[in-house]
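One-letter residues, chain by chain:
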Amino acid sequence: MNANTSDTLPPRTLAEKVWDAHLVSKGENGEPDLIYIDLHLVHEVTSPQAFDGLRMAGRPVRRPDLTIATEDHNTPTIGIDKPIADLTSRTQIETLRRNCAEFGVRLHSLGDIEQGIVHVVGPQLGLTQPGITVVCGDSHTSTHGAFGAMAFGIGTSEVEHVLATQTLPLKPFKTMAITVEGTLRPGVTAKDIILAVIAKIGTGGGQGYVLEYRGSAIRALSMDGRMTICNMSIEAGARAGMVAPDHTTFDYVKGRAHAPEGQDWDDAVAYWRTLATDDGATFDAEVFIDADALEPFVTWGTNPGQGVSLSDTVPNPVEIEDPHERAAAERALEYMDLAAGTPLKDIAVDAVFMGSCTNSRIEDLRAFASVIQGKKKADGVRVMVVPGSARVRIEAEAEGLDKIITDFGAEWRFAGCSMCLGMNPDQLAPGERCASTSNRNFEGRQGKGGRTHLVSPLVAAATAIRGTLSSPWDLQIEGEAR
Amino acid sequence: MQKFEKVTGIAVPFRRSNVDTDQIIPAVYLKRVTKTGFEDALFAGWRQDPEFVLNRPEYQGARILITGPDFGTGSSREHAVWALRDFGFDVVLSPRFGDIFRGNSGKQGLLAGEVAEPDVEALWAIIEAQPGIELTVDLVERKVTAGSLSVPFEIDDYTRWRLIEGLDDIGLTLRDADRIDRFEQTRESWRPRTLPVKQS
Ligand code: SF4
């Protein structure tokens, strides 16, 4: 069996174990290894040329049974029964439908109960499992690492390669341990952990590495929280992020549509238990974060590493030593229209976006709803809530979250990537400022000229209530003062 | 991919240097969903000009492009190679290429050979004296022949072997198909499958 671990092997990390279990052949003389891919997720933006390449070469999809497609990046989040207005979007989606039909790939189209953001759909179906390899033509594939899977984004020619061969030639990654010890205070979430990690190691700090998140604060997180953290590994430049599977993981997977059953389940769990990094295994780099000291976090700039605690002020570029970072900070402040020294809590927003593969799962929606329940949104602030998948939307409605959201004055939308990247009509207008639970605050990411502050669902909710960047802590203080 | 040993065809003297991939194919063409049909996009910014060398009647049907240094620098778009292939080029010769472009070329059956700058000048001179003359590019011997002139070009051994064997990345991996088969036979039954669709 590939999956067997042997007593004679030296201590290995989680990432190394998963890698070794997927070696089809070992590269010699500096050539890459050939790695087997267990699960290939496909969406409309990065797949058309890959399918076209197969067609031209007369090649089939080798394993349609390890491949699944969904429509997410371009899909509208209102009026989903009408034809898609934007021509490029419509062409991409129609092309995906044709390709999946022709090559026998399972597709969840707009309107289907399993449609949604590709990284929400895989885990939800129980397809994302510990110890597997997962790829997708999308950088936030790192999300699936939360299950102890090796999951990473690939380019279109690699998509074609996986479709045709179910393998990828790859050079081994380096490993970095990110240890988060302690207990998060109420109001502090997984999103704050990962924003703090990226602020600490920088947007290039993870380059060439697989990050393994460890420590008591990570163990205490739910799967939804772990997915939020692994999702943003790519924003630290890393290829992938991973968390060793444990009872939280097994409980999450058990009973889902594609989870193993009966004897298979027992065999799988027995194997999954062997995956954790061995005592004595060494990482190429290590980083420590004190969970006790973390506060709600927010970005002030135009990359995810430009973040500080919400109780802080906008930093002064003059105090940044590295000349490149200083220049980047100056540019960012200009784009964001912020003055150094401004308390972050004084910054007023025009919009709040609650969604994206970082924070659109059911727990995220529950957290958001728990803060806004019985309240009204601030005047003049547009609040948009976009569930990660059609199933999450239905689940939320069964719990009455949609009612809380619409009573609050927010828009309750259909599933998709939406304003995370503004490929569909959900966009910021030039100059608009948004508190967003997504993962990228790049210039123009949410719409040309739009200004993004990355935040947790709790901060998004408190901000929607007060109209300025806020955390639930600020609401409590207000409540006590009254 | 076609096996590639020797190409004989019309060559275009492309007297430009620092042609980046944005000039080879502008970004607006990247929205398409196909991998072919990019011939109209090749050098789109220059094609309006009737005097542009590719528009000249004597170079119609050309298979070989001979350019100045630093061809294919800039963005990594694979479309640049697709556009050149779709237009009909099998060979690009230049004193120096952008790294990613050169890598992408080898993967898609486009021979990107490095020819010393004086030799490029000499080839241009011959072609311009007899527009429409056919050149021969011999990958086995690594040389270009134009009339009585024969000059060497460089290409790394690995890429040359792949082109001669007609192997793209996928073809290369599929040479090991039996290894993939063997690996699949040992995969555990509990590993996830997307088909059949299970109801939850
Ligand atoms: S939600 Fe955003 S980050 Fe996630 S897959 Fe969609 S576009 Fe990419």
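Residues numbered from 1 in each chain as written. Chains lettered and ligands numbered in written order. Predicted model: local features only at pLDDT ≥ 70, side-chain atom pairs only at ≥ 80, totals over all residues. Heavy atoms only, no water.

The name given to chain B in an unreviewed UniProt entry is 3-isopropylmalate dehydratase small subunit, and the organism recorded there is Orlajensenia leifsoniae. One UniProt comment on chain B, placed under Subunit (unreviewed entry), says "Heterodimer of LeuC and LeuD." (UniProt positions renumbered as here; feature names shortened; annotations may be inferred.)

Labelled according to an unreviewed UniProt entry, chain A appears under the name 3-isopropylmalate dehydratase large subunit, originating from Orlajensenia leifsoniae. Turning to chain A, the UniProt record has this under Catalytic activity (unreviewed entry): "(2R,3S)-3-isopropylmalate = (2S)-2-isopropylmalate". If you open the UniProt record of chain A and go to Pathway (unreviewed entry), you find "Amino-acid biosynthesis; L-leucine biosynthesis; L-leucine from 3-methyl-2-oxobutanoate: step 2/4."

Please explain the overall build of chain B as it appears in this structure.
Scanning chain B for helices and strands turns up 8 helices and 7 strands. Seen through its principal axes, chain B has C-alpha atoms that stretch 70 × 40 × 25 Å. In chain B, which comprises 200 residues, the proportion classed as buried is 48%. Of all intrachain contacts in chain B linking residues separated by at least 6 positions in sequence, the fraction that spans at least 24 positions is 68%. Taking the average place of the 26 positive charges on the side chains of chain B and the average place of its 32 negative ones, the gap between the two points comes to 7 Å. (Helix = DSSP H or I, 4+ residues; strand = E, 2+ residues; numbered from the N terminus. Buried < 20%, exposed > 50% of the residue type's maximum accessible area, 1.4 Å probe, protein only. Contact = heavy atoms within 4.5 Å. Lys, Arg positive; Asp, Glu negative; His and termini not counted. Charge placed at Lys NZ, Arg CZ, Asp CG, Glu CD.)

Just to check I follow, could you spell out unusual backbone geometry for this structure?
Trans peptide bonds make up most of the peptide bonds, and negative phi angles are found at most residues other than glycine. In this chain, B:Leu195 is followed by B:Pro196 through a cis amide linkage whose omega measures -5°. Backbone geometry places A:Asp337, a non-glycine residue, at a positive phi of 55°. Tracing the sequence through the fold places A:Asp337 in the loop between α11 (323–336) and β15 (351–354).

Explain helix α6 (residues 157–165) of chain B here, please?
In an α-helix there are 3.6 residues to a turn, and that puts residues three or four apart on one side. All names here are of chain B. When we look at burial in α6, the residues that qualify are Thr 159, Arg 160, Arg 162, Leu 163 and Ile 164. One side-chain oxygen at the N-terminal end of α6 lies 3.2 Å from the backbone nitrogen of Tyr 158; it belongs to Asp 156. Just past α6, the residue Gly 166 takes up positive phi, approximately 70°. (Polar contact = N/O pair within 3.5 Å; in protein donor to acceptor, adjacent residues only side chain to side chain.)

What is the right way to read the nonpolar core from this model?
In summary, soluble globular proteins display a tendency toward joint burial of nonpolar side chains. Residue and element names in this part refer to chain A. Core analysis: the largest hydrophobic core is formed by 79 residues, its most contacted members being Phe 51, Met 150, Ile 178, Tyr 213 and Trp 272. No other element matches the 8 residues that helix α6 (residues 190–201) contributes to this core. Filtering out sequence-adjacent residues up to four positions away, Met 150 remains in contact with Ala 15, Val 18, Trp 19, Ile 132, Thr 133, Val 134, Phe 173, Val 210 and Met 242. (Core = buried A, V, L, I, M, F, W, Y, C linked by side-chain atoms within 4.5 Å.)

What exactly am I supposed to notice about the site of the ligand here?
Residues and elements named next belong to chain A. In the vicinity of the ligand, the contacting residues are His 73, Ile 117, His 119, Asp 138, His 140, Ser 356, Cys 357, Cys 417, Cys 420, Leu 421, Asn 439 and Arg 445. Among the residues forming the shell around the ligand, the class breakdown is 5 nonpolar, 5 polar and 2 charged. Each of domain 1 (14–287) and domain 2 (297–480) contributes no fewer than three residues to the shell around the ligand. (Near = heavy atom within 4 Å. Nonpolar A, V, L, I, M, F, W, Y, C, P; charged D, E, K, R; others polar. Domains from an automatic or database assignment.)

Help me understand the layout of surface pockets, please; the structure alone is not making it clear to me.
Which parts of space are left empty comes out when a probe the size of a water molecule is rolled across the atoms. The calculated volume of the second largest pocket comes to roughly 840 Å³. Every residue lining the second largest pocket is counted, 38 residues in all, and those nearest its centre are A:His43, A:Val45, A:Thr46, A:Gly137 and A:Thr156. Of all the secondary-structure elements, those providing two or more residues to the lining of the second largest pocket are α2 (48–57), α3 (87–103) and α4 (118–124) of chain A together with α3 (79–87) and α4 (99–107) of chain B. Within the lining of the second largest pocket, the residues separate by chemical class into 13 nonpolar, 17 polar and 8 charged. Two domains each donate at least three residues to the lining of the second largest pocket, and these are domain 1 (14–287) and domain 2 (297–480) of chain A. (1 Å grid on protein atoms, 1.4 Å probe; cavity = no way out; pocket = protein on both sides within 12 Å on 5 of 7 lines; lining within 4 Å. Points joined across faces, edges and corners; volume = space filled by probe spheres on them.)

Help me out: how do you make sense of the packing of helix α12 (residues 362–372) of chain A against helix α15 (residues 457–466) of chain A in this one?
Helix-helix packing: each pair is described by the crossing angle between the helix axes and the interaxial distance. Residues and elements named next belong to chain A. Their axes nearest at 8 Å, the elements α12 and α15 cross at an angle of 30°. Between α12 and α15, the angle falls in the class roughly parallel. Here the hand of the crossing between α12 and α15 comes out right-handed. Of the residues in α15, those touching α12 at Asp 364, Ala 367, Phe 368, Val 371 and Ile 372 are Pro 457, Leu 458, Ala 460, Ala 461, Ala 462 and Ile 465. (Axes fitted to C-alpha atoms, helices over the stretch in contact; angles between N-to-C directions. Parallel < 35°, antiparallel > 145°, perpendicular 65-115°, else oblique. Left-handed = near helix turned anticlockwise from the far one by under 90°.)

Sorry, what's going on with the confidence of the model for chain B here?
Do not read the fine detail of predicted coordinates wherever pLDDT is low. With 100% of its residues at a pLDDT of 70 or more, chain B shows a mean pLDDT of 94. For this predicted complex, the interface score ipTM comes out at 0.91, alongside a pTM of 0.91. (pLDDT = per-residue confidence, 0-100.)

Could you clarify how one ought to interpret the side chain of A:Ser356 in this entry?
Note on placement: A:Ser356 falls in the loop between β15 and α12. If we skip the residues at most four places from it in the chain, A:Ser356 touches A:Ile117, A:Cys420, A:Thr437, A:Ser438 and A:Asn439.

Sorry, what's going on with the interface of chain B and chain A here?
Interface size is commonly expressed as the accessible area that is lost once the parts come together. Listed as interface residues are 37 residues of chain B and, on the opposing side, 52 residues of chain A. When chain B packs against chain A, the two sides together hide about 3900 Å² of surface, and 55% of this comes from carbon and sulfur. Of all residues in chain B, B:Val33, B:Trp190 and B:Thr194 give up the largest surface area on contact with chain A, accounting jointly for 20% of the area buried on that side. Taken together, the connections running from chain B to chain A amount to 8 salt bridges. (Buried area = accessible area lost by both parts, 1.4 Å probe. Salt bridge = Lys/Arg side-chain N within 4 Å of Asp/Glu carboxyl O.)

Honestly, the packing of α12(A) against helix α13 (residues 390–398) of chain A in this entry has me stumped. Any pointers?
Residues and elements named next belong to chain A. Where α12 contacts α13, the axes come no closer than 10 Å and their chain directions differ by 40°. Comparing their axes, α13 and α12 come out oblique. The element α12 and its partner α13 pack so that their crossing is right-handed. Residues Ile 362, Leu 365 and Arg 366 of α12 pack against Val 392, Glu 395 and Ala 396 of α13. Looking at the contact of α12 with α13 residue by residue, the classes come out as 4 nonpolar, no polar and 2 charged.

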